[in-house]
4 protein chains.
Amino acid sequence: MIKVGIVGATGYTGAELLRLLAVHPQAQATVITSRGEQGKPVADLYPSLRGIIDLVFSEPDVDQLAQCDIVFFATPHGVAQNMVPDILQRGVKVIDLSADFRIRDVALWESWYGQPHGARELIPQAVYGLPELNRDAIAKATLIACPGCYPTSVQLGFLPLLEAGCVDLCDLIANSASGVSGAGRQASIGALHSEVSDSFKAYAASGHRHHPEIVQGLNDIAALADGTLVNGAQSSVNLTFVPHLLPINRGIHTTLYANLTDPSVDVQALFEARYVNEPFVDVLPAGSHPQTNSVRGSNYCRIAVHRPNGGTKVVVLVVEDNLTKGASGQGIQCMNIICGLAEETGLAAPALLP
Amino acid sequence: MIKVGIVGATGYTGAELLRLLAVHPQAQATVITSRGEQGKPVADLYPSLRGIIDLVFSEPDVDQLAQCDIVFFATPHGVAQNMVPDILQRGVKVIDLSADFRIRDVALWESWYGQPHGARELIPQAVYGLPELNRDAIAKATLIACPGCYPTSVQLGFLPLLEAGCVDLCDLIANSASGVSGAGRQASIGALHSEVSDSFKAYAASGHRHHPEIVQGLNDIAALADGTLVNGAQSSVNLTFVPHLLPINRGIHTTLYANLTDPSVDVQALFEARYVNEPFVDVLPAGSHPQTNSVRGSNYCRIAVHRPNGGTKVVVLVVEDNLTKGASGQGIQCMNIICGLAEETGLAAPALLP
Amino acid sequence: MIKVGIVGATGYTGAELLRLLAVHPQAQATVITSRGEQGKPVADLYPSLRGIIDLVFSEPDVDQLAQCDIVFFATPHGVAQNMVPDILQRGVKVIDLSADFRIRDVALWESWYGQPHGARELIPQAVYGLPELNRDAIAKATLIACPGCYPTSVQLGFLPLLEAGCVDLCDLIANSASGVSGAGRQASIGALHSEVSDSFKAYAASGHRHHPEIVQGLNDIAALADGTLVNGAQSSVNLTFVPHLLPINRGIHTTLYANLTDPSVDVQALFEARYVNEPFVDVLPAGSHPQTNSVRGSNYCRIAVHRPNGGTKVVVLVVEDNLTKGASGQGIQCMNIICGLAEETGLAAPALLP
Amino acid sequence: MIKVGIVGATGYTGAELLRLLAVHPQAQATVITSRGEQGKPVADLYPSLRGIIDLVFSEPDVDQLAQCDIVFFATPHGVAQNMVPDILQRGVKVIDLSADFRIRDVALWESWYGQPHGARELIPQAVYGLPELNRDAIAKATLIACPGCYPTSVQLGFLPLLEAGCVDLCDLIANSASGVSGAGRQASIGALHSEVSDSFKAYAASGHRHHPEIVQGLNDIAALADGTLVNGAQSSVNLTFVPHLLPINRGIHTTLYANLTDPSVDVQALFEARYVNEPFVDVLPAGSHPQTNSVRGSNYCRIAVHRPNGGTKVVVLVVEDNLTKGASGQGIQCMNIICGLAEETGLAAPALLP
């Protein structure tokens, strides 16, 4: 049984790890930490776990976490970078769900997150935890930087097109919409039911922190396809990314727009071929429109491809659950890979529908 | 592997059976029928099952169903009674999620459902599938009449009080509220998003089909506690039942009101003692208020007991998922009992929260 | 043009006053105060008012408020009692939407609200602002204590029964459910979309602050009907009140239960006769079930009466918008009465449906 | 008092006309027709109108409608074209909310709507009812073709850019999302609460009926700006339009993407200047993100303009209520213009928020 520690287990991604681990046949949460709620049973915050997970939140403590096989960070950015070095030194592997190790360019990270990075020496060894792209590297990694929720959907949606080199990289658009749980479990007026429900809006249209992460990922993919070196990747991709806030709790829907440079390509076949062996990426039949409820609570990502009116614009529709494939489910998928388990272990449950 | 057939698998309780069976380690859906959708893969109706369940809807056929170990009916009332006799004769056990075999008094059934009963000879052998009440009989049954969603919540909430004989049976009130999925997957104006969402209402305040089922169940419990015979039970219980429609998909919340005849009783201790060994009934600590999202998609029923201002009125709060503990989950719980499996098999997943 | 001041205009009842005054032909908001947002245009908080109301929040100031004809308090409890004495002294009438002057028994108020009352000398002159009960007194009042949202629905629902003296006062039950806006516009985890939406729960089942207000009101009604004096009212009413939280923004639905002492009464006729001349109370035809969306954003209260299965239990269903008839709309109705305007002035708009 | 007839008043746009007319000081609904509900009071379908509008649905009848000053069609496409000729002949003006007269190219209309057009001779005299574009023509019109809900938002969002000629017409993108009421009040599985709520999806990504209407409108605007003739407009605009379904009842949010051909343009100033005198178009301050609830139930359209990361891509965010500015409110705005009333008459109410 793999012993799992979770730092910052009071938030929604922490709770999602606990929900998924509760049915994982080969892993078990053994330590859950929280600075604010120490001493409190997890069921007091999450009654859904009553009688299922009997852990109590404890103060984060490296000695205690060192007894785990794997430690997840489900913390806001800026926390993992302070504790990860000590944990890695104790020989424990780390899967970080936060943004701390996602961006290779430290200066870029520091400008978007407005603080100096506390563990820049670890950045080069962090592996970007997108299995569909990095499976082999993940298997050997000691530190996983799990992709953000939006970046997962955008990269999985553009991946086949960029690998095939059939779209114009200078004008990519990602129009995304996320459920409210993406904002976390913090008291804020903006996330109140009365402000969010029965409504819809864009936000951060002039610039969002996930933009540099997505661009780095797309550049890597494009450079690989190109034959140029990953780290020497020229910043060729020009991406417009506009996130929106949905009046639902879970779910991301991303609508991608790109211009085909090769109109003869069969985009449906391209996507099907690329993902045929992927356990969690499901390419829908031509003409389909994936709905977020078809992945609610599951680790699946569903994709459909369209060419409106048969033209050269390609529209890709991608859905995922932001807490599952967009965060905790993807983290457990990485854990399975690291531990040599079948990738689907504990992640096979279908979505909750209706 | 237990082979499971599902008649009427296109509705929400049918789909819920499929969702739960998808992760059941010892049972598998092998036949799913639908008169309207035969030939269509289940994933066309429920994309959440794509890549997980590859069955195709077929025309209901007794020969085919006879190859199953257990057949579920997830049909509207009036269907099971026509097919169940043949299926039972072939030695296959039946779990009926519909109302066909719930009420022992045929005339009462016929008056509420407005049609003659097609298999009245089977009613006496039908076992009411509430494991918390009838576990032993369920284990030996060949025909299970699964309780309705409202009746499950009302009976589990009143059960400890009635068994203890400490409330006035002449004035019981059940104020219930259900999510919209209880209305099924039929096109109707009343269940449109524009009519239901962002709103709330009572319905059937003057009389609802679940009323006689609940009263029968409560009378049985009271008579048993009393020492009088079950089937000779005098109709002692007087119940007011008012259902309401919630703008959510899943979940029932029932608020029960009763007058204590013995004010010295410790209701919290009473409930805890009654349900201490029940795997799916969770009595919350004193002062709690269960929320429907704490059981969303799970087979748990959570209960809290209050005595407002310390008086003689007892208020019981009960939550369950109407599609799971209120229907399909309870059906699988019965199946596990019948098949000699641990009752929790395949039903241990926590609720989806948030 | 009546000049209106609003103290605490940043909350939802304050915003609702502004929304209603925007279309009131004979009153106009001229001063809006907020300690936290002074200097900010109201449209920065409520973009729905952009181009319609151009006021800026100012620090609460008695001199400025004294230039109004009427001052509304849309503040949490404990605020009005400190400012109202000064404002009344300046000859300005006050309509308090908070709980400060609703309860005549100061000790009771202080025990429920956990603080000493700052203006107890004013309590006797405060008129309870329920027009259907107190229209004449409201017309002459200088200080109005507007009823709470729940109390409005419970009192309007029981009023005809209590006036007719046809129900048992010892066992009244009010099972209420409110939209989230009742919790106000404060950052809190409990009111987050992720916590509230797609869910339902009871709260404060063991005792809620609105309980003493409702009991006082029902006692007054019963005592009046009885011929006993209002202020000498013996506390004859025994009420169980359980509030619930709905996953909607606006709307209260109250389900009332009482036992008829006179089963021969025609409850439908009773309700229709009582409210025939009330502009904002609509008794639905027999057999109806009012839905909260039928009053969303309007000042109407809709009521239906049932006797389930023709028995002696009477069930009353009441809907109102908690921010309108349950707060700000009722306040403006009182203002219209005080100012000698037709009671419907500015309040005639139908609900927003769908 | 203007006498208004409404054909097809049972649907949501019909009900919205009634809601708005209920507070219109100079117009009144006098005839409402429905083939399916004749003889039924409108309040039976829309309890929100009880006591406010006492009309009864009647069979559509030209003689009766001819006694009105204006007749609205709130019917599905294909109905107005059969009745409008007779009504116009009787000297009554018509405002058609359906698609029947929006597209000048009859063959194009027939191919998208799959039926022959029944009144093609009237198409040339129909005026497209977008006041911000066509105010003068509307004032003199006898037949108004009210724009569709999506087309209103897309055209108002692109209008300033196209008039200024500062974007590349060959690559315009409109990513729109609509509330469910846009699908009308028809029983359908796809619009059930259980299917739509707590979810999000695109639809008709490969082609939607509003596409030709939008393209015609954008071409007209571009051609006017160009100096080329409207009707001889070369089809210069290349638009990708992807609609999405929001789990809300009312509201459209459109996110537009275009490439600036002149990066020196101050887009904020451009939008503010264009709409400074428009009563119902509100350009938000730079950096804003309009939310659909800021226009819920109101006739306002709110717009914000962004240039992400200061680049040459311009992103326009547009919100409107699909039933109000997107349908019935716009129709009444046209009626006001035709009748010489102030354009805001009866339409000044702010949005319902929260």
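A quick note: this is a predicted structure, and the numbers were derived from the prediction, not measured. (Residues numbered from 1 in each chain as written. Chains lettered and ligands numbered in written order. Predicted model: local features only at pLDDT ≥ 70, side-chain atom pairs only at ≥ 80, totals over all residues. Heavy atoms only, no water.)

## Observations regarding helix α6 (residues 131–140) of chain A
All names here are of chain A.
Working step 1: Within the span of α6, buried status applies to P131, E132 and I138. Angular distribution of buried residues about the axis of α6 spans 40°; they occupy a single face of the element. The exposed set on the far side of α6, more than 90 degrees from its buried face, consists of D136 and K140.
Working step 2: Summarising the contacts, the buried residues of α6 are in contact with β6 (127–128), β7 (143–145), α7 (149–164), α10 (267–275), β12 (281–283) and α11 (324–338). (Buried < 20%, exposed > 50% of the residue type's maximum accessible area, 1.4 Å probe, protein only. Helix = DSSP H or I, 4+ residues; strand = E, 2+ residues; numbered from the N terminus. Arc of directions from axis to C-beta. Contact = heavy atoms within 4.5 Å.)

## A closer look at the sheet that holds strand β6 (residues 143–145) of chain C
All names here are of chain C.
Working step 1: The six strands lie next to each other as β2-β1-β3-β4-β6-β5, forming an open sheet whose pairing is parallel. Each edge of the open sheet carries a strand with a single partner, namely β2 (27–33) and β5 (127–128).
Working step 2: Both strand β3 (residues 70–73) and strand β4 (residues 93–96) contribute to a ladder of four bridges, which runs parallel. Considered in β4, the bridge of I70 is made with K93.
Working step 3: Strands β1 (2–7), β2 and β3 of the sheet are contacted by helix α1 (residues 12–21), whose axis makes an angle of about 160° with β1. (Pairing = 2+ DSSP bridges. Axes fitted to C-alpha atoms, helices over the stretch in contact; angles between N-to-C directions.)

## What to know about the environment of I70 of chain B
Residue and element names in this part refer to chain B.
Working step 1: On the secondary structure map, I70 appears in strand β3 (residues 70–73).
Working step 2: Note on I70: relative accessible area 1%, which makes it buried.
Working step 3: In this structure, I70 is in contact with I2, K3, V4, G5, V92, K93, I95, M335, I338 and C339, ignoring residues within four places of it in sequence.

## Some words on the environment of R104 of chain A
Residues and elements named next belong to chain A.
Working step 1: As for its placement among the helices and strands, R104 is situated in the loop between β5 (93–96) and α5 (106–113).
Working step 2: With relative accessibility at 37%, the residue R104 sits in the partly exposed group.
Working step 3: Taking the C-alpha atoms as reference points, R104 and V92, twelve residues apart in sequence, are found 22 Å from one another.
Working step 4: At 2.9 Å, the side chain of R104 forms a polar contact with the side chain of D220. (Polar contact = N/O pair within 3.5 Å; in protein donor to acceptor, adjacent residues only side chain to side chain.)

## So, the sheet that holds β12 of chain A
Residue and element names in this part refer to chain A.
Working step 1: A sheet is described by the order of its strands in space; here seven strands give the open sequence β9-β10-β8-β11-β14-β13-β12, paired in mixed fashion. Taken across any chain shown, the strands that pair with only one partner, and hence form the sheet edges, are β9 (201–202) and β12.
Working step 2: Against the sheet, helix α9 (residues 210–226) makes contact with β8 (172–178) and β10 (239–245), and its axis sits at roughly 135° relative to β10, the strand it touches most.

## Observations concerning the pattern of salt bridges
Working step 1: Counting across every chain of the model gives 72 salt bridges over all chains.
Working step 2: One salt bridge connects K40 of chain C with E37 of chain C, and the closest N-O pair in it is separated by 3.1 Å.
Working step 3: Its relative accessible area of 24% is what places E37 of chain C among the partly exposed residues.
Working step 4: Where E16 of chain D meets R19 of chain D, a salt bridge forms, and the shortest distance between an N and an O atom there is 2.9 Å. (Salt bridge = Lys/Arg side-chain N within 4 Å of Asp/Glu carboxyl O.)

## Digging into the interface of chain B and chain A
Working step 1: Residue-level contacts link 31 residues of chain B with 31 residues of chain A.
Working step 2: In total, about 2500 Å² of surface goes out of reach between chain B and chain A, with carbon and sulfur atoms giving 66% of it.
Working step 3: Area buried by chain B at its contact with chain A is led by R50, L352 and P354 of chain B, which between them contribute 27% of it.
Working step 4: Counting every contact that joins chain B to chain A gives two salt bridges.
Working step 5: Note that D282 of chain A and R50 of chain B form a salt bridge whose closest N and O atoms lie 2.7 Å from each other.
Working step 6: Broken down by secondary-structure element, the contributors of at least two residues to the side of chain B that touches chain A are α1 (12–21) and β11 (281–283) of chain B.
Working step 7: Taken together, the residues of the side of chain B that touches chain A break down into 19 nonpolar, five polar and seven charged. (Buried area = accessible area lost by both parts, 1.4 Å probe. Nonpolar A, V, L, I, M, F, W, Y, C, P; charged D, E, K, R; others polar.)

## So, the relation of the copies chain B and chain C
Working step 1: Here chain B sits on chain C after a turn of 180° about the axis and a move of 0.0 Å along it, with an RMSD of 0.0 Å. Given the turn and translation reported, the copies of this chain are related as if by a two-fold rotation axis.
Working step 2: Of the interface residues in chain B, 100% have counterparts in chain C that sit at the interface too, so the contact is made through matching surfaces. (Least-squares fit on C-alpha atoms with pLDDT ≥ 70 in both.)

## Some details on the packing of helix α1 (residues 12–21) of chain D against helix α11 (residues 324–338) of chain D
Residues and elements named next belong to chain D.
Working step 1: For the pair α1 and α11, interaxial distance at closest approach is 9 Å and the crossing angle is 50°. In terms of orientation, α1 lies oblique with respect to α11. For the crossing formed where α1 meets α11, the hand is right-handed. In contact with T13, E16, L17, R19, L20 and L21 of α1, α11 contributes T324, A327, S328, G329, I332 and M335.
Working step 2: Partitioned by chemical class, the residues of the contact of α1 with α11 number six nonpolar, four polar and two charged. (Parallel < 35°, antiparallel > 145°, perpendicular 65-115°, else oblique. Left-handed = near helix turned anticlockwise from the far one by under 90°.)

## Here's the deal with the confidence of the model for chain A
Residues and elements named next belong to chain A.
Working step 1: Scored by pLDDT, chain A comes out at a mean of 96, with 97% of its residues at no less than 70.
Working step 2: For residues 229–233, every residue scores under 50 in pLDDT, and the model assigns this stretch seven contacts once sequence neighbours within four places are set aside.
Working step 3: Reported confidences for the modelled complex are a pTM of 0.97 and an ipTM of 0.96. (pLDDT = per-residue confidence, 0-100.)

## Topic: the interface of chain B and chain C
Working step 1: With 44 residues of chain B at the contact, the number on the chain C side is 44 residues.
Working step 2: Taking both sides of the interface into account, the surface hidden between chain B and chain C amounts to around 3600 Å²; carbon and sulfur atoms contribute 51%.
Working step 3: Counting every contact that joins chain B to chain C gives four salt bridges.
Working step 4: With a shortest N-O distance of 2.6 Å, K313 of chain C and D171 of chain B are connected by a salt bridge.
Working step 5: Breaking the side of chain B that touches chain C down by element, the ones donating at least two residues are β7 (172–178), α8 (193–196), β8 (201–202), β9 (239–245), β10 (252–259) and β13 (313–320) of chain B.
Working step 6: Its residues assigned to classes, the side of chain B that touches chain C comprises 19 nonpolar, 19 polar and six charged.

## A look at the relation of the copies chain B and chain A
The second copy of the chain is related to the first by a rotation about an axis and a shift along the axis.
Working step 1: For these two chains of identical sequence, chain B goes onto chain A by a turn of 180° and a shift of 0.0 Å along the axis, with RMSD 0.0 Å.
Working step 2: By residue overlap, the copies meet face to face through one surface: 100% of the interface positions of chain B are interface positions in chain A.

## Regarding the side chain of S34 of chain A
Residue and element names in this part refer to chain A.
Working step 1: Looking at where S34 falls in the secondary structure, it is placed in the loop between β2 (27–33) and α2 (42–45).
Working step 2: The class for S34 is buried, based on a relative accessible area of 6%.
Working step 3: In terms of polar contacts, S34 uses its side chain to reach the backbone amide nitrogen of E37, at 2.9 Å.
Working step 4: The residues touching S34, leaving out its near neighbours within four places in the chain, are T10, F57, S58, E59 and P60.

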